[in-house]
Amino acid sequence: MAMPNFGKVAVLLGGRSAERAISLKSGQAVLDALLRKGVDAHPFDPAQLPMEALLQQGFARAFIALHGRFGEDGSVQGALDLMGMPYTGSGILASALAMDKWRTKLIWQAVGINTPRFAVMDAQSDFEQIADELGLPLIVKPAREGSTIGLSKVATKADLVKAYQLAVQHDAIVLAEQFIEGRELTAAILGDTPLPLVRIEVAGELYDYHAKYQANDTRYYCPSGVAEGLSQEIQTQALQAHRILGCQGWSRIDLILDKNDQPFFLEANTSPGMTDHSLVPMAAKEAGISFEDLVVKILALSYVE
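Below, the structure is looked at part by part.

Topic: helix 4 (residues 92–99)
Working note: α-helix, 3.6 residues per turn, so residues spaced by three or four point in the same direction.
Thought 1: Along helix 4, the residues that are buried comprise Ala 94, Ser 95, Leu 97, Ala 98 and Met 99.
Thought 2: Where helix 4 is buried, its residues meet helix 3 (75–83), helix 5 (101–110) and strand 13 (263–269).

Structure, rendered in C-alpha cells:
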C-alpha cells in the first residue's frame, strides 16, 4: 500500500489505567510495526509526560494504544481534540460510551441489538432478588473496566456479596449480568468493514485476564467455524453496534453465540489490544492484511473532531 506522509507520530502507550502493562505491550508492537513501514514514530507515555508535551515535541498525530481509563474513555481524546491533533479510534462521546458497559447496553437495547439481561448493583441491592431475576450462574463486573478486571462468575447466591465487593473496588457502577453459555466470538471493525470473526476457546470457565494474556492453552480460531450466513449476520449486527455508539476508525465487538445460534453482544472496545495474543490482528490476517498494514490503515483513519 502507498505510504501517506503522517509526519511525526506519537504512539500513546502505558498510561495510568489498570491495563497499563498490556498497553505497554500493544504500544511497543504498534511502534515497531510503524518503524518497519518507515513512519517517523516515537513512544509517548501520558503517565510520564504531560499531554502538552506532544505539541512541544512536534508531533503531528497520535496512535492511541492506551487501554482502559484515562486512554480509552474519552479523556485523552478530549485533550487531543483541544490541541487539534488527529488521533486514531473513536472520539470523546463514543469512547466514553463504549467504556461504560451499562450505558452501552442501554443504547444497544434501544435499537434492538441483543445483549444479556442485567441489573445495576450497589451496597443496598437485594442480591437474592437479582439472582432470582437473572438466574444462576451470572456474571458480576465493574461497568467501566476492561480486560475482565474485577469480573467474577457467580454460581451461588452466597458468592454474590464477595463478587460485588471485588467489582466495586474497580468502579462505583457494578453490573450483574445474565450468563450466556455458548461460543465466545469477537468481531473486529476496520473503517466501515467487519473483519472475519474470531472464536475463542479457553481451558477454564472464563475468558479472563489470565486466559487473555498469560495462558498458553487458550485457543483461537479464524475462520471461526461459524456458518457463513450466520457469520455475515453477526458481522452486520456488529457493525451496527459499532455505529450506534458513534465509533470510528476501528473497534472490536465481543459477543457470545448461544446454543440456539442467537448472538448476545457484550461490549465494544474502542482501543483494542495489539499484543501477540490480540484478536484484531488475527482477524486482519485472515482478511489478508498484515500486522504492519493493519497499523498503517488504522493510522490513516486518524482524525480530529
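Concerning the packing of aromatic side chains
Thought 1: Evaluation of the coordinates by the stated rule reveals 5 aromatic pairs.
Thought 2: Seen from their ring centres, Phe 44 and Phe 59 are 6.3 Å apart, and the 85 degrees between their planes marks the pair as edge-to-face. In this pair, Phe 44 is assigned in strand 2 (residues 41–44) and Phe 59 in the loop between helix 2 (53–56) and strand 3 (61–64), connecting sequence segments 15 residues apart. The residues Phe 44 and Phe 59 share a single accessibility class, namely buried.
Thought 3: Looking at Lys 8, its charged tip hangs above the ring of Phe 59, at a distance of 4.6 Å from the centre.
Thought 4: Looking at Arg 16, its charged tip hangs above the ring of Phe 70, at a distance of 4.1 Å from the centre.

Digging into empty space enclosed by the protein
Thought 1: If you walk through the whole model with that rule in mind, you get 1 cavity of 30 Å³ or more.
Thought 2: As a volume, the largest cavity reaches approximately 40 Å³.
Thought 3: In terms of lining, the largest cavity is formed by Ile 64, Gln 77, Thr 88, Gly 89, Ser 90, Ser 95, Trp 250, Thr 270 and Ser 271.

So, the side chain of Ser 90
Thought 1: Position of Ser 90 relative to the elements: it lies in the loop between helix 3 and helix 4.
Thought 2: A distance of 2.9 Å separates a polar atom in the side chain of Ser 90 from the backbone nitrogen of Gln 248.
Thought 3: Apart from the residues within four sequence positions on either side, Ser 90 is in contact with Gln 77, Ser 95, Cys 247, Gln 248, Thr 270 and Tyr 303.

Quick notes on unusual backbone geometry
Note: most peptide bonds trans; most residues except glycine with negative phi.
Thought 1: A cis amide bond, omega 0 degrees, links Leu 136 with the succeeding residue Pro 137.
Thought 2: Summarising the element assignment, Pro 137 is placed in the loop between helix 6 (127–134) and strand 5 (138–142).
Thought 3: Of the consecutive residues Cys 222 and Pro 223, the connecting peptide bond is found in the cis state with omega at 10 degrees.
Thought 4: In this fold, Pro 223 is placed in the loop between strand 11 (219–221) and helix 9 (228–244).
Thought 5: Of note in the backbone geometry, Phe 70 takes a positive phi value of approximately 60 degrees without being a glycine.
Thought 6: Among the secondary structure elements, Phe 70 is positioned in the loop between strand 3 and helix 3.
Thought 7: At Asp 261, a position not held by glycine, the phi torsion is positive, near 60 degrees.
Thought 8: Along the chain, Asp 261 falls in the loop between strand 12 (250–258) and strand 13.

Points about the sheet that holds strand 6 (residues 152–154)
Thought 1: Strand order across the open sheet formed by 4 strands is 4-7-5-6, with antiparallel pairing between neighbours. Strand pairing shows two members of the sheet lacking a second neighbour, strand 4 (118–121) and strand 6, which therefore form its edges. With direction set aside, neighbouring strand axes in the sheet form an average angle of 25 degrees.
Thought 2: Pairing analysis gives 5 bridges linking strand 5 to strand 7 (residues 174–178), with the strands arranged antiparallel.

Things to note about the nonpolar core
Thought 1: Core analysis: the largest hydrophobic core is formed by 28 residues, its most contacted members being Val 11, Leu 34, Phe 63 and Leu 294.
Thought 2: Going through the elements one at a time, strand 1 (9–12), helix 1 (20–36), strand 8 (182–190), strand 10 (198–201), helix 10 (279–286) and helix 11 (291–300) are the ones with two or more residues in this core.
Thought 3: Sorting elements by how many residues they give to this core places helix 11 first, with 5 residues.
Thought 4: Sequence-distant contacts of Leu 34, defined by excluding residues within four places in its chain, comprise Val 9, Val 11, Val 39, Ala 41, Val 295, Val 296 and Leu 299.
Thought 5: Formed by 22 residues, the second largest nonpolar core is a distinct cluster that contains Ala 98, Trp 108, Ile 189 and Leu 245.

Here we look at the packing of helix 4 against helix 5
Thought 1: Contact geometry for helix 4 and helix 5: axes closest at 5 Å, N-to-C directions at 100 degrees. In this view, helix 4 runs roughly perpendicular relative to helix 5, as classed from their interaxial angle. Contacts from Leu 97, Ala 98 and Met 99 of helix 4 reach helix 5 at Lys 101, Arg 103, Thr 104 and Ile 107.

Cut-offs used in this document
- Residues numbered from 1 in each chain as written.
- Predicted model: local features only at pLDDT ≥ 70, side-chain atom pairs only at ≥ 80, totals over all residues.
- Heavy atoms only, no water.
- Buried < 20%, exposed > 50% of the residue type's maximum accessible area, 1.4 Å probe, protein only.
- Helix = DSSP H or I, 4+ residues; strand = E, 2+ residues; numbered from the N terminus.
- Contact = heavy atoms within 4.5 Å.
- Phe/Tyr/Trp six-rings, centres within 6.5 Å; stacked < 30°, edge-to-face > 60°.
- Lys NZ or Arg CZ within 6 Å of the ring centre and 35° of its normal.
- 1 Å grid on protein atoms, 1.4 Å probe; cavity = no way out; pocket = protein on both sides within 12 Å on 5 of 7 lines; lining within 4 Å.
- Points joined across faces, edges and corners; volume = space filled by probe spheres on them.
- Polar contact = N/O pair within 3.5 Å; in protein donor to acceptor, adjacent residues only side chain to side chain.
- Pairing = 2+ DSSP bridges.
- Axes fitted to C-alpha atoms, helices over the stretch in contact; angles between N-to-C directions.
- Core = buried A, V, L, I, M, F, W, Y, C linked by side-chain atoms within 4.5 Å.
- Parallel < 35°, antiparallel > 145°, perpendicular 65-115°, else oblique.

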